[in-house]
Amino acid sequence: MTMTKAENRVPLRVVNLECTFPTRGGTVQAVSGISFEVRPGEVLALVGESGCGKSTTGKAIMQLPPPTSGSVEFEGTDLTSVTGSSLRDIRRRLQIIFQDPISALNPRRKIKDIIAEGLVIAGVPKEERQKRVEVAMRQVGLDPANGERRPREFSGGQCQRIAIARAIVVNPTMLICDEPVASLDVSIQAQILNLLEETRRTYDLSMLFISHDLAVVNSISDRVAVMYLGRIVEIGDADSVYRHAAHPYTNILLDSAPTVGDVVRPPSGLELKGEVPSPLNPPSGCRFRTRCPRATAICAEQEPVLQEVRTEHQVACHHPVVDPDLPNNERPHV
Ligand SMILES: Nc1ncnc2c1ncn2[C@@H]1O[C@H](COP(=O)(O)OP(=O)(O)OP(=O)(O)O)[C@@H](O)[C@H]1O
Ligand code: SF4
Ligand SMILES: [Mg+2]
């Protein structure tokens, strides 16, 4: 079967994305030249500690606000160059779900109107709007009879269902989820994750899934990108990253999630040093070097670039962790 042009397209391609914020104390380097793509139907997880630039990346993709430099290509269109109705149409196909569902929903509006917002913007007639809102509500496990109620009458988990309904009602092709379960009770998290996974399959969505929690990410992602202080330090097939984490930082992060799915990881023996440096003044060379137990002189002098360590798995490190059981454990720069 020949693929059509649209099917052939990478849904999202981010190249050299840079986001800086001028502040009184200097320029915050929130995201410093990251590149990645999200492939058709896949879930790419973006993980890392608080402040590493995950939300800034998600918002810059949505052009809210646009990045300082770099390009964001969505289904073949460079978003940094489109405006007006084209941008509105793209925003329909590219939806975002935020961490705190309660503050993301207008408290004064009925939930059926909140869910219908995107349909109103798209000029969908009222009758069809009502039908589609009902279908979306059922899809996320909400009773359409509750459409007249307002967000404060719902729990955090139900509000996240409302946010998911609002996103899917416009038939998007891609969803950015920014810590969608982080504010929810642990008992509710699995339900919402399952709903997102089910939604992804039903609508054949591609997804960028932002989280600081590697255990959460494992159940849902095909590939993982690990961020540290505005840079991607490791990216690859989720299974490969969990089983053969090559960056010292990824290894340390994984020590706090020793059992992920059916993978049980022995402790890496590596420990973080010091504090997270200020994004106003990141370290020279490798940004992780002030906290890295494996750092040597070259780490301060040369910025490590992403290089393939295994198929579909890249790491940016001068001294990557090599697993001893691999048949071929040659690594670049070891
Ligand atoms: N509008 C802004 N003005 C100044 N600094 C900002 C702004 N937005 C983000 N930052 C800074 O940029 C860095 C990255 O922030 P970001 O919110 O993207 O991190 P994050 O990885 O999403 O963190 P978290 O896990 O806490 O949500 C932080 O140092 C943050 O303080
Ligand atoms: S490049 Fe050096 S400092 Fe950076 S993670 Fe690798 S070993 Fe550590
Ligand atoms: Mg964030």
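Thresholds, definitions, all that
- Residues numbered from 1 in each chain as written.
- Chains lettered and ligands numbered in written order.
- Predicted model: local features only at pLDDT ≥ 70, side-chain atom pairs only at ≥ 80, totals over all residues.
- Heavy atoms only, no water.
- Domains from an automatic or database assignment.
- Contact = heavy atoms within 4.5 Å.
- Buried area = accessible area lost by both parts, 1.4 Å probe.
- Salt bridge = Lys/Arg side-chain N within 4 Å of Asp/Glu carboxyl O.
- Polar contact = N/O pair within 3.5 Å; in protein donor to acceptor, adjacent residues only side chain to side chain.
- Phe/Tyr/Trp six-rings, centres within 6.5 Å; stacked < 30°, edge-to-face > 60°.
- Helix = DSSP H or I, 4+ residues; strand = E, 2+ residues; numbered from the N terminus.
- Buried < 20%, exposed > 50% of the residue type's maximum accessible area, 1.4 Å probe, protein only.
- Core = buried A, V, L, I, M, F, W, Y, C linked by side-chain atoms within 4.5 Å.
- Near = heavy atom within 4 Å.
- Nonpolar A, V, L, I, M, F, W, Y, C, P; charged D, E, K, R; others polar.
- Pairing = 2+ DSSP bridges.

A. Main features of the domain arrangement of the protein. We note that the domain assignment places domain 1 (10–221) and domain 2 (244–334) within the protein. Its C-alpha centre places domain 1 at a distance of 30 Å from the equivalent point of domain 2. Each partner contributes residues to the interface: domain 1 has 12 residues there, and domain 2 has 13 residues. With both sides pooled, the region where domain 1 packs onto domain 2 buries about 1,000 Å², and carbon together with sulfur makes up 55% of that total. Contact with domain 2 buries surface across domain 1, with Q29, E49 and L214 losing the most and accounting together for 49% of the total. Viewed at the interface, domain 2 and domain 1 are joined by 2 salt bridges. In this structure, E312 and R39 form a salt bridge, with 3.0 Å as the shortest nitrogen-oxygen distance. Here domain 1 and domain 2 share 6 residue pairs in polar contact (both at pLDDT 80 or more) between them.

B. Region of the structure containing the packing of aromatic side chains. Going through the model one piece at a time under the given rule, you end up with 3 aromatic pairs. A centroid spacing of 4.9 Å and a plane angle of 80 degrees characterise the contact between Y228 and F288, whose relative ring orientation is edge-to-face. With a gap of 60 residues between them, Y228 in strand 9 (residues 223–228) and F288 in the loop between strand 12 (263–264) and helix 12 (297–301) connect regions that are remote in the sequence. Looking at F288, the relative accessible area reads 1%, which means it is buried. Pairwise contacts between aromatic rings join Y228, Y249 and F288 into one cluster.

C. Highlighting the nonpolar core. Ranked by size, the top nonpolar core spans 60 residues in total, and within it I162, I164, L175, L196, F209, V224 and Y242 carry the most contacts. Shared between two domains, this core takes at least three residues from each, and those domains are domain 1 (10–221) and domain 2 (244–334). Residues in contact with V224, not counting those within four places in the same chain, are L44, A45, V47, V217, E234, I235, G236, A238, V241 and Y242. Grouped together as the second largest cluster of nonpolar side chains are 32 residues, A30, I34, F36 and I96 included.

D. Structural context of the site of ligand 2. Lining the immediate surroundings of ligand 2 are 13 residues, of which C286, C292, C299, C317 and H318 lie closest. Counted by class, the shell around ligand 2 contains 8 nonpolar, 3 polar and 2 charged residues.

E. Examining the pairing of strand 6 (residues 94–97) more closely. Residue alternation in strand 6 divides its side chains into two sets, L94 and I96 and Q95 and I97, and both sets are buried. The pairing of strand 6 with strand 7 (residues 174–178) spans 4 bridges and is parallel. Of the residues in strand 7, the one forming a bridge with L94 is M174.

F. A look at the pattern of salt bridges. A full pass over the atoms with the stated rule returns 20 salt bridges. With a shortest N-O distance of 2.8 Å, R223 and E42 are connected by a salt bridge. One end of the pair, R223, is in strand 9; the other, E42, is in the loop between strand 2 (26–38) and strand 3 (43–47), and 181 residues separate them in sequence. Here the two residues R223 and E42 agree in accessibility, since each one is buried. One salt bridge connects R149 with E153, and the closest N-O pair in it is separated by 3.8 Å.

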